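# Commentary on secondary and tertiary structure
Here is how the chains run, residue by residue.
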Amino acid sequence: MRPLPKLLIASALAGVLALPLVKLDADASAPADKADAPPAIVSVAPAVSTAFAPRHWSPGSIVSRRDARVASEQDGRVVEVAEVGQRVRKGQALAVLDDTALRLREQEGQADLARIQAQLALANRQEQRYAQLAAQQNIARAQYEQLRADRDVLAQERARVLAQLAQTRHQRTQMVVRAPFDGIVAERHTQLGEYLITGGSVARLVDTGAQEVRVRAPVDLARHLGTGTEVRVRSAGGEGTYPVSALVPVGDEASRQLELRIAVQGLDIPVGTAVDVGLPSAETRMVVAVPRDAVVLRREGDFVMRVDTAGKAERVPVKTGAELDGLVEVSGEVAAGDRLIVRGGERIEPGQSLDIQPLGPTVAMR
């Protein structure tokens with residue numbers, strides 16, 4: 001039974017000798033101090049003091065200032081009609097109606113005019129002869145005056161026939177329904193061979209080059225709006241500033257909204273596209289604003305990471321406000337000119353050293 005105590009003693013000695021090695025491994029695996037950590041690579045941007053005008057965003061639509069349902073002023077059978085999607089110039093035919101009846105009426109008027117002109121020429125010659133006879137007292141004065149009256153009646157009849165002939169010719173010109181402006185045929189309301197009545201719509205013509213935004217806004221914003229007021233228009237293609245071209249200061253009783261029109265140019269998007277319009281909702285005020293990418297949103301509170309005088313990171317709690325053009329209004333211990341981390345600051349701890357790199361194009365300063 002003696003070998004057993006020797007085995008226990010050997011095991012105890014091995015454990016004691018291994019303790020320095022365990023302590024050494026533990027010291028090697030301990031986390032390094034933040035001061036010994038390598039500098040974090042970040043990009044910074046300054047906080048600014050700027051004028052802020054809070055905006056109310058309302059949905060709007062792109063419309064055309066010239067959008068018409070072109071109708072016919074005459075009735076007749078359609079013999080030609082423009083196709084949907086066809087681009088037409090001002091004065092170009094949208095539809096052509098059969099003018100056979102008017103052409104025959106014009107020929108009849110021309111015949112009546114020729115007959116009356118021949119009778120009037122004869123009456124003029126007779127009036128000259130009767131004037132000489134009346135001067136010589138060879139005929140009664142009443143007979144001469146009757147001839148003159150008949151001549152005047154023929155002159156008036158000639159004027160009436162000329163007016164009817166001009167009207168017929170005008171109606172013939174209206175048998176061609178022409179485009180009132182340059183545009184594209186968006187809809188066709190009549191088909192080839194159909195009988196079109198007076199006032200019947202031929203097609204919907206839209207000028208896609210004369211675009212504007214139609215938007216409805218709460219009547220409470222009317223005091224901040226007017227013709228020429230600059231608003232923001234945001235679409236899938238980007239965002240820009242445009243002036244209000246028209247304001248209808250009449251609110252709807254049900255929705256309590258009024259209508260605005262905003263002249264836009266260069267958007268190059270289809271008519272009917274949905275857009276968002278940012279309308280000023282309060283007076284302009286001076287605020288401290290920071291880039292959107294500088295604000296870190298957390299459940300416990302928002303904050304920004306600022307570069308202190310020693311070139312290290314420090315956390316500054318802030319409260320955010322309105323947002324405009326990629327800048328966010330903040331309140332807190334942030335002043336204009338403070339350098340704020342906008343890239344690479346997601347995992348930076350306060351007091352950590354920083355390696356500040358130029359702000360590249362990959363960071364959107366929206």
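Let us look at the structure shown here. (Residues numbered from 1 in each chain as written. Predicted model: local features only at pLDDT ≥ 70, side-chain atom pairs only at ≥ 80, totals over all residues. Heavy atoms only, no water.)

Helix and strand content of the protein chain: three helices and 22 strands. When each of the 366 residues of the protein chain is scored for burial, the buried share is 33%. Once local pairs closer than 6 in sequence are excluded, the contacts in the protein chain between residues at least 24 apart make up 74%. Of the accessible surface of the protein chain, which amounts to about 22,400 Å², a share of 52% is contributed by carbon and sulfur atoms. (Helix = DSSP H or I, 4+ residues; strand = E, 2+ residues; numbered from the N terminus. Buried < 20%, exposed > 50% of the residue type's maximum accessible area, 1.4 Å probe, protein only. Contact = heavy atoms within 4.5 Å. Areas by Shrake-Rupley, 256 points an atom, 1.4 Å probe, with all protein chains shown as cover.)

The tendency in soluble globular proteins is for nonpolar side chains to be buried as a group. Among the nonpolar cores identified, the biggest contains 19 residues, and Val-213, Leu-260, Ile-262, Val-275, Val-277 and Leu-279 are the most heavily contacted of them. At the level of secondary structure, the elements contributing two or more residues to this core comprise strand S12 (211-218), strand S13 (230-235), strand S14 (238-248), strand S15 (257-263) and strand S16 (274-280). Those residues within four positions of Leu-260 in sequence are excluded, and the remaining contacts are Val-213, Arg-214, Val-215, Ala-217, Leu-225, Val-244, Ala-246 and Leu-247. Residues Val-78, Val-88, Ala-179 and Val-202 belong to the second largest nonpolar core, which totals 18 residues. (Core = buried A, V, L, I, M, F, W, Y, C linked by side-chain atoms within 4.5 Å.)

Within a sheet, neighbouring strands are paired by backbone hydrogen bonds and run either parallel or antiparallel to one another. In space, the four strands of this open sheet follow the order S8-S7-S5-S10, with antiparallel pairing throughout. Pairing within the sheet leaves two strands with one partner each, and these edge strands are strand S8 (176-178) and strand S10 (195-196). The pairing of strand S7 (residues 93-97) with S8 spans three bridges and is classified as antiparallel. When the sheet's bridge partners are listed, Ala-93 is paired in S8 with Arg-178. (Pairing = 2+ DSSP bridges.)

Moving on, we get to the packing of aromatic side chains. Applying the stated criterion to the full structure yields zero aromatic pairs. Across from the ring centre of Phe-303, 4.2 Å away, lies the NZ or CZ of Arg-315, which sits over that ring. (Phe/Tyr/Trp six-rings, centres within 6.5 Å; stacked < 30°, edge-to-face > 60°. Lys NZ or Arg CZ within 6 Å of the ring centre and 35° of its normal.)

Here helix H3 (residues 141-173) contains 33 residues, and its C-alpha end-to-end distance of 49 Å stays within 8% of the 48 Å for a straight helix at 1.5 Å per residue. Within H3, the full set of buried residues consists of Tyr-144, Leu-147, Arg-151, Leu-154, Val-161, Leu-165, Thr-168 and Gln-171. (Expected span 1.5 Å × (residues − 1).)

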